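Residue-level listing of the chains:
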Amino acid sequence: MSHTPEKPRIGIIGTGAIGGFYGLMLARAGYDVHFLLRSEFNAVSQRGLNVDSHVHGPLRLDAVQAYASAADMPPCDWLLVGAKTTGNDSIGPAIVAAAAPGAKVLNLQNGLGVEEALRAVLPDSLHLLGGLCFICVHRTGPGQITHQAFGAVNIGYHSGPATDTAASQSLVEQGAALFHAAGIDSVAMDNLDKARWQKLVWNVPYNGLSVLLNASTTPLMADPHSRELIQALMAEVVQGAEACGHVLPEGYAQQLFTLTEKMPDYRPSMYHDFIEKRPLELDAIYVRPLAAALAAGQDMPRVRALFQSLAFLDTANRRAFG
């Protein structure tokens with residue numbers, strides 16, 4: 001498939017639930033999409049990608065352009081990073097190997113400071129953007145993904161050769177247009193750091209408590225004690241954001257809380273990582289926000305207690321596995 005400025009070539013770095021879902025949707029929209037896989041390479045090469053979507057119905061991509069090594073990928077104009085932050089050491093070289101000159105790297109990872117961590121291992125010639133995925137999606141097996149709800153990707157420019165606002169905004173809008181063409185909502189954001197704090201208002205309580213209390217969202221929302229704890233954690237994150245200079249929209253935490261009550265029962269990504277004995281993304285979702293807020297004079301004691309509990313479980317979980 002040829003690629004033009006209108007139809008750029010897209011590479012997926014890390015084809016898990018996030019990379020697999022968005023890559024499949026972009027491929028269905030007619031884009032030339034190339035998927036980097038590790039453990040699931042053979043399964044996806046042979047059997048394709050399957051998404052059981054409660055929104056779009058059953059989706060399947062048969063002829064997946066799959067690669068076990070980034071060095072084998074063609075030069076890609078856009079690279080979507082769906083890999084976990086815990087694997088960031090190997091992500092930089094993979095991006096560099098698969099990037100066309102002046103490529104746009106869209107980081108879809110969770111947490112705070114994730115662009116800074118990625119920027120440090122990328123050449124200055126590549127554009128780095130951040131994408132916030134509002135989606136309920138998880139892997140159920142090699143090349144098998146279940147999509148329960150939502151799907152929007154909000155995008156902001158982080159750093160790179162686009163030095164003025166018009167140039168960076170143009171790239172953000174190009175990114176949003178890719179998703180719009182695939183039937184996915186996408187909004188251009190002018191403050192990436194603020195947007196990352198907004199996402200933490202949901203990620204901090206639900207990811208951590210799903211592991212700590214071994215519970216999905218519906219039981220967490222049904223019990224008065226866990227409800228109270230979720231709201232207290234959310235309030236602390238809002239205060240942390242404010243201390244860092246990001247005043248979140250009025251009633252934002254309550255809006256997310258109400259939205260979660262109406263959501264299908266969901267087990268967040270950290271729960272799946274814990275069950276599958278993978279390292280938890282504690283640095284990006286807890287350590288950095290705690291440090292940033294504390295540096296700005298605001299401690300988040302409940303968030304800190306949640307992190308300390310998770311750190312204990314993470315160490316014990318991996319020791320048992322290793």
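Counting from 1, residues in each chain are numbered in the order their sequence is written. For a predicted model such as this one, the threshold for reporting local features is a pLDDT of at least 70, and the threshold for listing and counting side-chain atom pairs is 80 or more; totals across whole chains, interfaces and linings nevertheless cover every residue. To get the side-chain values, take all heavy atoms of the structure and skip hydrogens and water.

Turning next to helix H9 (residues 252-262). Whether a residue is buried, partly exposed or exposed follows from its accessible area with a 1.4 Å probe, protein chains only, as a fraction of its type maximum: under 20%, in between, or over 50%, in that order. The helix count covers DSSP runs of H or I at least four residues long, the strand count covers runs of E at least two residues long, and both are numbered beginning at the N terminus. Turning to H9, its buried residues number three or more, namely Tyr252, Ala253, Leu256, Phe257 and Thr260. The buried residues of H9 all sit within an arc of 140 degrees when viewed along its axis, so they share a single face. Structural note: H9 exposes Gln255 and Lys262 on the side pointing more than 90 degrees away from its buried face. In this structure, the buried residues of H9 make contact with helix H6 (192-212), helix H7 (217-222) and helix H8 (224-243). When we speak of the arc, we mean the arc of directions from the helix axis to the C-beta atoms. Only heavy atoms enter the contact rule, under which two residues are in contact if any of them lie within 4.5 Å.

Each reported salt bridge corresponds to a side-chain nitrogen of Lys or Arg within 4 Å of a carboxyl oxygen of Asp or Glu. Under the counting rule described, the total for this entry stands at 14 salt bridges. Notably, a salt bridge pairs Arg9 with Asp32, separated by 3.2 Å at the nearest N-O pair. In this pair, Arg9 is assigned in strand E1 (residues 9-13) and Asp32 in strand E2 (residues 32-36), connecting sequence segments 23 residues apart. Take Arg9 and Asp32: they sit in the same class, and that class is buried. Salt-bridge contacts for Asp62 lead to Arg60; the nearest nitrogen and oxygen are separated by 2.6 Å. Each member of the salt-bridge network shares a partner with another, and the members are Glu40, Lys84, Arg139, Asp273, Glu276, Arg278 and Glu281.

Right, let's talk about the packing of aromatic side chains for a bit. Pairing of aromatic side chains here covers Phe, Tyr and the six-membered ring of Trp, requires ring centres within 6.5 Å, and sorts the geometry by plane angle: under 30 degrees stacked, over 60 edge-to-face, intermediate tilted. Across all of its chains, the model carries four aromatic pairs by this definition. Consider the rings of Trp202 and Tyr206, whose centres lie 4.6 Å apart with planes at 25 degrees: the pair is stacked. In this pair, Trp202 and Tyr206 are both assigned in helix H6, four residues apart and thus about one turn of the helix distant. There is no split in this pair, since Trp202 and Tyr206 are both buried. An aromatic cluster of three or more residues is present, and its members are Phe21, Tyr22 and Phe179. The cationic tip of Lys199 hangs over the ring face of Phe134; the distance from NZ or CZ to the ring centre is 5.7 Å. In this analysis the charged atom, NZ for Lys or CZ for Arg, is taken to sit over a ring once it is within 6 Å of the ring centre and within 35 degrees of the ring normal.

With that settled, consider the pairing of E2. For E2, the buried fraction is high: five of the five residues fall into the buried class. Taking every second residue as pointing to the same face, both faces of E2 are buried, with Asp32, His34 and Leu36 on one and Val33 and Phe35 on the other. Relative to E2, E1 runs parallel, the two sharing five bridges. The residue of E2 that forms the bridge with Gly11 is His34. If the strands point away from the viewer and the path from the first strand over the helix to the second runs clockwise, then the crossover is right-handed. With respect to chirality, the unit in which E1 leads through helix H1 (residues 17-28) into the neighbouring parallel E2 is right-handed. In this scheme, strands are said to pair when DSSP sees at least two bridges between them. Of the pairings in the sheet, the one linking E2 to strand E5 (residues 66-67) comprises two bridges and is parallel in character. From the neighbouring strand, Leu36 faces E5, where its bridge partner is Tyr67.

Looking now at the packing of H6 against H8. Each axis is a line fitted through C-alpha atoms, taken for helices only over the stretch in contact, and angles between the N-to-C directions span 0 to 180 degrees. As a packed pair, H6 and H8 sit with axes 9 Å apart at the nearest point and diverge in direction by 145 degrees. The crossing of H6 and H8 is right-handed. For the pair H6 and H8, contact is made by Trp197, Leu200, Val201, Val204, Pro205, Tyr206 and Leu209 and by Leu229, Ile230, Leu233, Met234, Val237, Val238, Gly240 and Ala241, respectively. Tallied by class, the residues present in the contact of H6 with H8 amount to 14 nonpolar, one polar and no charged. Handedness of a crossing is defined here by the sense of rotation of the near helix relative to the far one, left-handed for an anticlockwise turn of less than a right angle and right-handed for a clockwise turn. Polarity classes work like this: nonpolar for Ala, Val, Leu, Ile, Met, Phe, Trp, Tyr, Cys and Pro, charged for Asp, Glu, Lys and Arg, and polar for all others, with Gly in that last group.

Let's shift gears to the side chain of Thr15. Summarising the element assignment, Thr15 is placed in the loop between E1 and H1. Setting aside residues no more than four positions away along its own chain, Thr15 makes contact with Gly20, Phe35, Leu36, Leu37, Glu40 and Leu49.

Turning our eyes to something else, we now look at the environment of Ser168. Turning to its location among the elements, Ser168 is positioned in helix H5 (residues 165-181). As for Ser168 and Ala120, which are separated by 48 residues in sequence, their C-alpha atoms are 19 Å apart. Not counting chain neighbours up to four residues away, the residues in contact with Ser168 comprise Tyr157 and Ala162.

Here the focus is unusual backbone geometry. Phi at Phe150 takes a positive value of approximately 60 degrees, unusual for a residue other than glycine. Relative to the elements of secondary structure, Phe150 occurs in strand E9 (residues 144-159). For Phe150, a relative accessible area of 38% puts it in the partly exposed group. Even without being glycine, Asn214 reaches a positive phi, approximately 50 degrees. With respect to the helices and strands, Asn214 occurs in the loop between H6 and H7. Classification of Asn214 by relative accessible area gives exposed; the value is 52%.

Across the sheet, nine strands lie side by side as E4-E3-E9-E8-E7-E6-E1-E2-E5; this open sheet has mixed pairing. Since the sheet does not close on itself, it has two edges, and those belong to strand E4 (57-61) and E5, each with one partner. Where E1 and strand E6 (residues 76-81) come together, four bridges link them in parallel fashion. Opposite Gly11, over in E6, you have Leu79 as the bridge partner. Along the sheet face, H1 touches E1, E2, strand E3 (49-53), E4, E6, strand E8 (127-141) and E9 and points at about 100 degrees away from the line of E8. Those strands touched by helix H3 (residues 88-98) are E1, E2, E6 and strand E7 (99-107), and its axis lies near 135 degrees from that of E7.

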